Amino acid sequence: MKLRGQKNQCQGCKQYFNSNLAFEKHRTGKHGKDRRCRTEEEMIAKGMSLNAQSFWISKTNGRFNKEISDDNEAD
């Protein structure tokens, strides 16, 4: 699959992410110490979800049931 824009794949867990923000949100721990990928359950608990294309997104807009542009989010 060719990824464009901010879409990316984690080389650790092999999951796909719709934005850099979603990718960063799925990582936890301190750099050089205990940094790791969150489990699917942990990502869901953080408000993340899979979109229709099976990319993880940082959160959805429940009013319209669509993705919120990650450029407009504050985490």
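Criteria and thresholds
- Residues numbered from 1 in each chain as written.
- Predicted model: local features only at pLDDT ≥ 70, side-chain atom pairs only at ≥ 80, totals over all residues.
- Heavy atoms only, no water.
- Helix = DSSP H or I, 4+ residues; strand = E, 2+ residues; numbered from the N terminus.
- Buried < 20%, exposed > 50% of the residue type's maximum accessible area, 1.4 Å probe, protein only.
- Core = buried A, V, L, I, M, F, W, Y, C linked by side-chain atoms within 4.5 Å.
- Contact = heavy atoms within 4.5 Å.
- Salt bridge = Lys/Arg side-chain N within 4 Å of Asp/Glu carboxyl O.
- Phe/Tyr/Trp six-rings, centres within 6.5 Å; stacked < 30°, edge-to-face > 60°.
- Lys NZ or Arg CZ within 6 Å of the ring centre and 35° of its normal.
- pLDDT = per-residue confidence, 0-100.
- Disulfide = S-S within 2.5 Å.

Caption draft 1: Region of interest: unusual backbone geometry. A positive phi angle is found at Lys14, which is not glycine, with a value near 70°. Despite not being glycine, Ser54 has its phi angle at roughly 65°, a positive value. With respect to the helices and strands, Ser54 occurs in the loop between β5 (49-50) and β6 (56-57). By relative accessible area, which is 48% here, Ser54 ends up partly exposed.

Caption draft 2: The nonpolar core, seen in detail. By size, the foremost hydrophobic cluster in this structure holds seven residues: Cys10, Phe17, Ala22, Cys37, Met43, Met48 and Trp56. Excluding residues that lie within four positions of it along the chain, Met43 makes contacts with Phe17, His26, Arg38, Met48 and Trp56.

Caption draft 3: Highlighting the pattern of salt bridges. Scanning all chains against the criterion turns up two salt bridges. A salt bridge links Arg35 to Glu24; the shortest N-O distance between them is 3.7 Å. Within this pair, whereas Arg35 is found in the loop between β3 (27-28) and β4 (36-37), its partner Glu24 is found in helix α1 (residues 20-25), the two being separated by 11 residues in sequence. Look at Arg35 and you get partly exposed, because its relative accessible area is 25%.

Caption draft 4: Main features of the packing of aromatic side chains. Within this structure, the stated rule accounts for two aromatic pairs. Pairing Tyr16 with Phe55 gives two aromatic rings, centres 5.7 Å apart and planes at 70°, and the pair type is edge-to-face. Here Phe55 lies in the loop between β5 and β6 and Tyr16 lies in strand β2 (residues 16-17), a separation of 39 residues in the sequence. When its relative accessible area of 6% is taken as the criterion, Phe55 is described as buried. Ring geometry for Phe17 versus Phe23: centroids 5.8 Å apart, planes at 85°, classification edge-to-face. Take Phe17: its relative accessible area is 0%, and that puts it in the buried class. Sitting over the ring of Phe55, Lys7 keeps its end group 5.5 Å from the ring centre.

Caption draft 5: Quick look at the confidence of the model for the protein chain. In this model, the protein chain carries a mean pLDDT of 85, and residues with pLDDT of at least 70 account for 79%. Counted against residues more than four places away or in other chains, residues 69-75, with its pLDDT under 50, gives 12 contacts.

Caption draft 6: Representation of the state of the cysteines within the structure. Within this structure, the stated rule accounts for zero disulfides. With no disulfide of its own, Cys13 lies closest to Cys10 among cysteine sulfurs, the gap being 3.8 Å. Residue class for Cys13 comes out partly exposed when judged on its relative accessible area of 27%. Cys10 supplies the cysteine sulfur nearest to Cys37, a cysteine that is in no disulfide, at a spacing of 3.6 Å. With relative accessibility at 16%, the residue Cys37 sits in the buried group.

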